[in-house]
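Listed here are the chains, written in short residue letters.
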Amino acid sequence: MNAAGKQEIWVSDLYFYATQWPQLNLQQFVNNTLISIDGQPALNVLLQWAIDNEFESKDPGSRFNRVLDSHYQQRVGTIFPLPDNTTQTYVFQDANGNQRSVVVDWKVDVLKTVTFDSSCSNAFSDASVKIADSLDTPLERRNMMRERYPAMKAKKHAMRRDNHLLFESKQQQKPSIQTFNLTSQVVVTRIYDFEPADSADFLNTFDSLMDYAQDANIPYMILDLRGNGGGSICLGYQLINRLMHERHPEGDYDVVEGDLMGALFTAGATQMSYHDLFGMGFFSDQSGNRVTNLNWYNNARLLTRGGATSNYSQPVHHACKYKDYPTDWVFKKVLVVTDGLCGSTCAVVSTHLADLDHVDTLVVGGIHGQKQQYFSFPGGQVMGYSTLLQYGQALGLLNSPLMPRAFPNGAQQSFTFLEIYPWTILNSEDASVKRAAAASLDDPRLTTPLEFVFDPADFRLDQWNFADDDDIELWNMVVPFFQQNPPKL
């Protein structure tokens, strides 16, 4: 926001890709405002592109955040269309009102393992094409992607940020979880994803924070989930179990019925243990007891989703394992911070905390003056193709005509076969008790999947894309929301 209260795009830093145009000296535009793109107001161009091309979230503000994060400048060719022109003209304005323009070429990067269609590069000059043929290992490719995409960029622990660091997961190059002591009254848990190299290490890191908070009698915690795309659904439930001391925090799911799902569940009922997805007892009923037959699947309900009517199973829960609470510490208040791009397991965790545990939510970025959802797509609903093949092979169904075939070009695909429902808003100690109470009141939230629910954040900060060494600045901006009651959006 500028002094006049208008939203604007301000250039705060340059990323790796700027080095590919050294002749342009793009550093001169840092701390400038981006006024226009190809003669059109920059804000309008980016927002319209977000609405037309971003599908990670249904919320326009979250789509806008993703565009600013990287997707407008760096377009994955398997997802987004090629640019209409080979160049773009940007107009910047400095603090004194002076405007300067720069013409930038689009560039194409191709990994060695990808077949590159030369006709695609003909739209660009030969000098614009860079073939990353030295990237031979997945680790090298992942590191390159982190450099090129700010959202994946490896964290640079600035000195003033490290001064607050308490604990972090150790079993991977980029920690999935870090914890910080912000003040004598506030700690921060920063979770980048729920797919650590070692789940036990992840949980031990969080347990250490809980012990620390209990010993120091710290009443407040910021749970920073910006950019968290999810991961293990059970890890998310285990975090809730530790944070809020809920014995059964699992969500309500149902399964979209079909010939393939029926064959997998029928075969799995006799061939797999309850530890496996299609094994008998993997799911539990609404009382928390593991299912012992397929009645929950066979007694179908006819439901309509997006205009299509299909058979769906009875509600079940994902039965995860939990340990006894490591501490009896409960924070006085927890505040969840996201950028609207909190997806999958992250969406499940944040909505559970907001609806069941009355945790306030705060979203950064988005569109000024508009309500914005704090999560994107729900979690625990999809299965990757490779995982489906593994189950098919284990159950003797790999060659069945029901099994989908891979795309000729090897493209990855996932299948949505579960849907999760929103959490109820009743006040009770245990999620299963709340579900039963909501059912007795015919709570309408139990009949609409989370995918179709708009749940805006309680609070919002217009600032967006804080650099890693600005985390402390952001968290200090969040602290007043613990003590005050600003007008909610």
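Fair warning: this is a prediction, and the values are worked out from it, not measured in the lab.

Novice: What exactly am I supposed to notice about the state of the cysteines here?
Specialist: A disulfide bridge is the covalent bond that connects two cysteines by way of their sulfur atoms. Taken as a whole, this structure holds one disulfide when the rule is applied. Paired by a disulfide, Cys-342 and Cys-346 hold their sulfur atoms 2.0 Å apart. Residues Cys-342 and Cys-346 share a disulfide whose torsion about the S-S bond is about -105 degrees; that sign makes it left-handed. Look at Cys-346 and you get buried, because its relative accessible area is 0%.

Novice: Where do I start with helix α10 (residues 345–356) in this structure?
Specialist: Think of an α-helix as 3.6 residues a turn; residues three or four steps apart then line up on the same face. A rise of 1.5 Å per residue sets the reference length of α10, with its 12 residues, at 16 Å; its end C-alpha atoms lie 16 Å apart and thus fit the reference within 8%. Taking burial as the measure, the 12 residues of α10 include 12 buried ones, the bulk of the element. Buried residues of α10: Thr-345, Cys-346, Ala-347, Val-348, Val-349, Ser-350, Thr-351, His-352, Leu-353, Ala-354, Asp-355 and Leu-356, and no others. Phi for His-358, located one or two positions after α10, is positive at around 60 degrees.

Novice: When you look at the pairing of strand β10 (residues 186–191) in this model, what are you seeing that I'm missing?
Specialist: The side chains of a regular strand alternate between the sheet's two faces. Counting buried positions along β10 yields six of six residues, so the element is predominantly enclosed. Judged by which residues are buried, β10 turns out to be covered on both faces: Val-186, Val-188 and Arg-190 on one side and Val-187, Thr-189 and Ile-191 on the other are all buried. The pairing of strand β9 (residues 177–181) with β10 spans five bridges and is antiparallel. Bridge pairing in β10 links Gln-178 to Arg-190. Following β9, the chain reverses through four residues before pairing antiparallel with β10. At this point the chain moves from β10, through helix α6 (residues 199–216), to the parallel strand β11 (residues 220–224), and the crossover so formed is right-handed.

Novice: Would you explain the packing of aromatic side chains in this entry?
Specialist: How two aromatic rings sit relative to each other is set out by the distance from centre to centre and by the angle between their planes. The tally for this structure, following the rule as stated, stands at 17 aromatic pairs. Pairing Trp-329 with Phe-331 gives two aromatic rings, centres 6.4 Å apart and planes at 80 degrees, and the pair type is edge-to-face. Between Tyr-374 and Phe-375, the aromatic rings sit 5.2 Å apart at their centres with planes inclined by 70 degrees, giving edge-to-face as the arrangement. Phe-375 shares its class with Tyr-374; the two are buried. One aromatic cluster in this structure is built from Phe-265, Phe-278, Phe-282, Phe-283, Trp-296, Tyr-297 and Tyr-391.

Reading the values: rules and limits
Residues numbered from 1 in each chain as written. Predicted model: local features only at pLDDT ≥ 70, side-chain atom pairs only at ≥ 80, totals over all residues. Heavy atoms only, no water. Disulfide = S-S within 2.5 Å. Buried < 20%, exposed > 50% of the residue type's maximum accessible area, 1.4 Å probe, protein only. Helix = DSSP H or I, 4+ residues; strand = E, 2+ residues; numbered from the N terminus. Expected span 1.5 Å × (residues − 1). Pairing = 2+ DSSP bridges. Right-handed = clockwise from strand over helix to strand, strands pointing away. Phe/Tyr/Trp six-rings, centres within 6.5 Å; stacked < 30°, edge-to-face > 60°.

Function cannot be read off these values alone, since they describe shape.
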